[in-house]
Amino acid sequence: MNTLYLSAEDARTPEIAAEIVKSGGLVAIPTETVYGLGANGLDENAVLKIFEAKGRPQDNPLILHVADAGEIVKFCHDIPQAAYDLAQAFWPGPLTMVLPAKDTVPKRTTAGLSTVGVRCPDNAVTREIIRLAGVPIAAPSANISGKPSTTTAQHVLHDHDGNIDAIVDGGACRVGVESTIVDLTEERPRLLRPGGIGPEQLVEVLGDLIVDKAVTAQIDHDAVVKAPGMKYKHYAPQSEVVIVSGSREKAAAYIHAHFEPGDRVLCFEEELPLYDGCAPLSYGQESHVETLSAGLFAALRILDDPGIHRVYARCPVGGGVAYAVQNRLKKAAAFHIIDAEAEA
Ligand code: TXA
Ligand code: MG
């Protein structure tokens, strides 16, 4: 198949992309978080194509993307006031809410769950595509399953050129890590995945938040989890990733002492001079944490190279989007963290 390239700047793009969605095809769409691999979320056959193109396990549900918060009543029931409050505060934006699903949502989309994740993305062209298609777009991150997510159209084409109907190129994604996911189906709101909206921001609106254990620890493959995606290997390059925490000086001392030919260092721009001779790669500035979230997946893709043995990674501390960067890096490292302060 020839993958049609559509620029987000071309005025005809929304209509062309919406037609493909309506006819059951696959279109990669830009969002503020990462590129999604989109299809008509109400069409079981179209949704199946997403799973096949990504090589995604079918027990891992998809998020429905809507053009407007008002649409969620069509796909969800028993919507708590908290959902409206969160939508008011953060939509369009990098927040997904898990709510009880109506029967209008196919089981293929929800992977058989009675709940569905809904999100209104902060990308005007993508919202226009959804509006014109007249259906919600189901879209996981567009990467091949298990690989680092796609934050540019080039990443998407690398993974899917010739395998999907079209891609809408909207440039590099601003946030760079996937949306924050909050489950609102229980008594207390539960954070299932950190993302562009920090936990502190959620607490400001909700007054309460439980952090699911899948966020902070490795989950067994056969465990029963609230967010099925959290138990799968994720974001990881082919090489082993090890996080080295601690002060700049102690971390550099540890890495220099253990560095071997074929290893790489993934660090902050400010630290580049400390890693002469260690093939350092910067993914952004520690002093501007949003550059780290925006650059993380592109860097992990560069490091996804069979010639690299081990990657020593530096991870930001703190809340907000830094909390999401920590989560993605820890997952890429399978929670292998060395405290350089304790090693010294
Ligand atoms: O930012 C994002 O959320 C991107 C863009 C494209 O919107 N999408 C994304 O989708 O990251 P995906 O499929 O890569 O990750 C969605 C995660 C998975 O871990 C999945 O298990 C979880 O959300 N999820 C989806 N529906 C769920 C539900 N009903 N209950 C619990 N977890 C759910
Ligand atoms: Mg994903």
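Residues numbered from 1 in each chain as written. Chains lettered and ligands numbered in written order. Predicted model: local features only at pLDDT ≥ 70, side-chain atom pairs only at ≥ 80, totals over all residues. Heavy atoms only, no water.

What follows deals with the domain arrangement of the chain. Segmentation of the chain into domains returns domain 1 (4–216) and domain 2 (240–343). Placing a centre on the C-alpha atoms of domain 1 and another on those of domain 2 gives a separation of 28 Å. If you look at the interface, domain 1 gives 29 residues, while domain 2 gives 16 residues. Taken together, both faces of the contact between domain 1 and domain 2 bury some 1600 Å²; the carbon and sulfur share is 54%. Ranking the residues of domain 1 by area buried against domain 2 places P148, V177 and P194 at the top, with a combined share of 30%. Taken together, domain 1 and domain 2 are joined by three salt bridges. Between R328 and E178 there is a salt bridge, with its nearest N and O atoms 2.8 Å apart. The tally of links from domain 1 across to domain 2 stands at 11 residue pairs in polar contact (both at pLDDT 80 or more). Among the elements of the structure, α6 (153–160), β10 (190–193), α7 (199–206) and α8 (213–216) are those that each provide at least two residues to the side of domain 1 that touches domain 2. For the side of domain 1 that touches domain 2, the per-class residue count stands at 11 nonpolar, 12 polar and six charged. (Domains from an automatic or database assignment. Contact = heavy atoms within 4.5 Å. Buried area = accessible area lost by both parts, 1.4 Å probe. Salt bridge = Lys/Arg side-chain N within 4 Å of Asp/Glu carboxyl O. Polar contact = N/O pair within 3.5 Å; in protein donor to acceptor, adjacent residues only side chain to side chain. Helix = DSSP H or I, 4+ residues; strand = E, 2+ residues; numbered from the N terminus. Nonpolar A, V, L, I, M, F, W, Y, C, P; charged D, E, K, R; others polar.)

In this section: the pattern of salt bridges. Applying the stated criterion to the full structure yields 17 salt bridges. Two residues, R174 and D122, come together in a salt bridge whose shortest N-O distance is 3.1 Å. Of the two residues, R174 is situated in the loop between β8 (166–169) and β9 (180–183) and D122 in the loop between β6 (115–119) and α5 (124–133); the sequence distance between them amounts to 52 residues. As a salt-bridge pair, E271 and R248 come within 3.9 Å of each other at their nearest N and O atoms.

Bringing the sheet that holds strand β5 (residues 95–100) into the picture now. With respect to topology, 11 strands assemble into an open sheet ordered β1-β8-β2-β3-β7-β4-β6-β5-β9-β10-β11, the strand pairing being mixed. If you trace the sheet from one side to the other, it starts and ends with β1 (4–7) and β11 (210–211), each paired once. The sheet contact formed by β1 and β8 spans four bridges and is parallel. Bridging across to β8, L6 finds its partner in V168. Strands in contact with helix α2 (residues 44–54) are β3 (36–40) and β7 (137–138); relative to β3, the strand with the most contacts, it is inclined by about 155°. (Pairing = 2+ DSSP bridges. Axes fitted to C-alpha atoms, helices over the stretch in contact; angles between N-to-C directions.)

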